[in-house]
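This is what each chain is made of:
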Amino acid sequence: MGYEALITINCERYSKKITDFILLLDKLNWKIHNDKGSVEYLPVGDNDAFAWQSEKLSIKEVFDIINQKQENNELVGIDLLYKGTECGMSLLARNTNDIMLDLDIERKILPDKTTDFAWYFQNIIVPLRANGCIIDQMTFKEYI
């Protein structure tokens, strides 16, 4: 049995810019660069084809791409990895009122193989709130 898990967040009152949300996640140990120094992201003009790219880019280059995609109302996609672990997630969003965090990279699981949502709550939601991110809505979902 395969599981898919995701968290959706509305934090529009914190900021309307996806880059501000990513900067806060970075402060909370969620990094955009993998151990090889590359960033995995959806390029400008992807048109929902999900043609993920992997490149060595500076944070400024990544944020320029994200800002352009958001201005064009394109789906922003970027992988984030939790520092010191193999655990990660794919952030997908057009704006900050509907951010989807797909828990698809070395998902933290319980002995029965279901998602350890408590770990994600403690490492995403609690620190976001502690750092001033107003979350108006959040949903945790798991599909088998």
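Refer to the structure printed above.
Computed from a prediction, not measured in an experiment: that's the story for all the values here.

Peer 1: Sorry, what's going on with helix H2 (residues 59-71) here?
Peer 2: Owing to its 3.6 residues per turn, the α-helix aligns residues three or four sequence positions apart on the same side. Between its terminal C-alpha atoms H2 stretches 18 Å, which fits the 18 Å expected from 13 residues at 1.5 Å a residue. Regarding H2, the residues found buried are Val62, Phe63, Ile65, Ile66, Lys69 and Gln70. Looking down the long axis of H2, one finds its buried residues gathered within 155° of arc, a one-sided arrangement. Opposite the buried face of H2, by more than 90 degrees, sit the exposed residues Lys60 and Glu71. In this fold, the buried residues of H2 make contact with helix H1 (18-27), strand S3 (39-41) and strand S5 (76-82). Phi for Asn73, located one or two positions after H2, is positive at around 60°.

Peer 1: When you look at the packing of aromatic side chains in this model, what are you seeing that I'm missing?
Peer 2: Centre distance and the angle of the planes are the two values used to describe a pair of aromatic rings. Across all of its chains, the model carries six aromatic pairs by this definition. The ring of Trp119 has Lys108 lying over it, and the distance from NZ or CZ to the ring centre is 5.1 Å.

Peer 1: Just to check I follow, could you spell out the environment of Glu106 for this structure?
Peer 2: Of note, Glu106 is situated in the loop between strand S7 (99-105) and helix H3 (117-130). On the basis of relative accessibility, which here comes to 57%, the residue Glu106 falls in the exposed class. Considered as a pair, Glu106 and Glu86 are 20 residues apart in the sequence and their alpha carbons are 6.0 Å apart. The residues contacting Glu106, other than those within four sequence positions of it, are Glu86, Cys87 and Tyr120.

Peer 1: Would you explain empty space enclosed by the protein in this entry?
Peer 2: In this approach the atoms are scanned with a rolling probe the size of a water molecule, which exposes any empty space left behind. Applying the stated criterion across every chain yields a total of one cavity of 30 Å³ or more. Its volume calculated, the largest cavity comes out at about 40 Å³. Lining of the largest cavity is provided by Tyr41, Leu42, Val62, Ile65, Ile66, Lys69, Val76, Gly77 and Ile78. Secondary structure elements with two or more residues in the lining of the largest cavity: H2 and S5.

Thresholds, definitions, all that
- Residues numbered from 1 in each chain as written.
- Predicted model: local features only at pLDDT ≥ 70, side-chain atom pairs only at ≥ 80, totals over all residues.
- Heavy atoms only, no water.
- Helix = DSSP H or I, 4+ residues; strand = E, 2+ residues; numbered from the N terminus.
- Expected span 1.5 Å × (residues − 1).
- Buried < 20%, exposed > 50% of the residue type's maximum accessible area, 1.4 Å probe, protein only.
- Arc of directions from axis to C-beta.
- Contact = heavy atoms within 4.5 Å.
- Phe/Tyr/Trp six-rings, centres within 6.5 Å; stacked < 30°, edge-to-face > 60°.
- Lys NZ or Arg CZ within 6 Å of the ring centre and 35° of its normal.
- 1 Å grid on protein atoms, 1.4 Å probe; cavity = no way out; pocket = protein on both sides within 12 Å on 5 of 7 lines; lining within 4 Å.
- Points joined across faces, edges and corners; volume = space filled by probe spheres on them.

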